[in-house]
Amino acid sequence: MKRLLPILFLFSVFAQYAQAQTPLTVAPNFNVKTVDGTVVELYPLLDQGKIVVLDFFSVSCGPCQLYAPHFQGAFEAFGRNLGDVFFMGINYNGTNPDVIFFDSVFNLTFPTASGLDGGGNAAFHLFQLSAYPTVIVIKPDKSISNPYIWPPTTDNIIDAVILAGGAMVGLDPRQKDDELSIFPNPVNGQSAIRFSLKQASAVSIDLLDTGGRKIDQLLPTKRLEAGNHSLNISSSALPNGIFFVAFTTEKERILKKIFVVNN
């Protein structure tokens, strides 16, 4: 059984993972066997219209240990593989017992395949990876929407999957704590962001491009009382195209797509 690295060692090894990513733009097909014996093949999942999110990891990798619970959080937010997004962990150079132990330590419930017993090593090489962790998002047309989410926090993974077209199903939309609307949308000059809070919360609002990168901070983190609020957004400094408004509270994160069509 491989020994897990002490958590205090994590930050001394981040640098070597900074370039962990696939150079591919189209995902190759592969099949692996999970630690519970289920065979998973990529292309049939994509043919079903699924977005596939892969976490390539090693059980002895410090950052892999740190971010494994974040991947679990995103897996839960999108319905635990019961919605239109399929999450899976692919291990490198571990055995089934190694991965089962890793999953138990970090309370992971998404499907995982070991490198040595489940075919993970072969998948790792197909994607031409040289380091880990590497979290990638694959769209149903087999294109790699995001070749490398870093850092692979729950929020960053959720944002990348939503930008690829995934729908969050962890919460019934009728039961969401807060509401967000943008009108008019498309935006031509100025629109209003309106939101309601069921209870007081720290709130921030950011503007993202289609790659998930923050290009403007519309509302720095500020504590607001329960009730209705509004904020104006101007498109005068933006090129025409698609952007996302990221609305973050203490309980949730909501993304809304906006279209800029300046005259």
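Residues numbered from 1 in each chain as written. Predicted model: local features only at pLDDT ≥ 70, side-chain atom pairs only at ≥ 80, totals over all residues. Heavy atoms only, no water.

Asker: I'd like a rundown of helix α2 (residues 62-77), residues and numbers included.
Answerer: Here α2 spans 24 Å end to end across 16 residues, near enough to the 22 Å set by a 1.5 Å rise per residue. By the largest-angle criterion, A68 marks the main kink of α2, which is about 35 degrees, and a proline, P69, follows within four residues. Buried residues of α2: G62, P63, C64, Q65, Y67, A68, F71, Q72, A74, F75 and A77, and no others. Residues of α2 that are buried in the fold lie against β3 (51-57), β4 (85-91), α3 (96-105), β6 (134-138) and α5 (154-163). G79 lies just past α2 and shows a positive phi near 95 degrees. (Helix = DSSP H or I, 4+ residues; strand = E, 2+ residues; numbered from the N terminus. Expected span 1.5 Å × (residues − 1). Bend = angle between axes of the 7 residues up to and from the residue. Buried < 20%, exposed > 50% of the residue type's maximum accessible area, 1.4 Å probe, protein only. Contact = heavy atoms within 4.5 Å.)

Asker: For the confidence of the model for the protein, give the residues involved together with the corresponding values.
Answerer: Residues at a pLDDT of 70 or more form 87% of the protein, whose mean pLDDT is 86. Residue range residues 1-18 is modelled with pLDDT below 50. Its contacts to residues more than four positions away, or to other chains, number 36 contacts. Taken as a whole, residues 170-175 scores under 50 in pLDDT and shows five contacts with residues more than four places along the chain or in a different chain. (pLDDT = per-residue confidence, 0-100.)

Asker: Explain the packing of aromatic side chains to me, and be specific about the residues and the numbers.
Answerer: Here the structure, examined in full by the defined rule, presents 16 aromatic pairs. On the numbers, 6.0 Å between centres and 70 degrees between planes, the contact of F124 with Y132 is edge-to-face. Classification of F124 by relative accessible area gives buried; the value is 3%. By way of ring pairs, the aromatic residues F30, F56, Y92, F124, F127 and Y132 are connected into one cluster. Between K142 and the ring centre of Y43, over which it is positioned, the NZ or CZ distance is 4.7 Å. (Phe/Tyr/Trp six-rings, centres within 6.5 Å; stacked < 30°, edge-to-face > 60°. Lys NZ or Arg CZ within 6 Å of the ring centre and 35° of its normal.)

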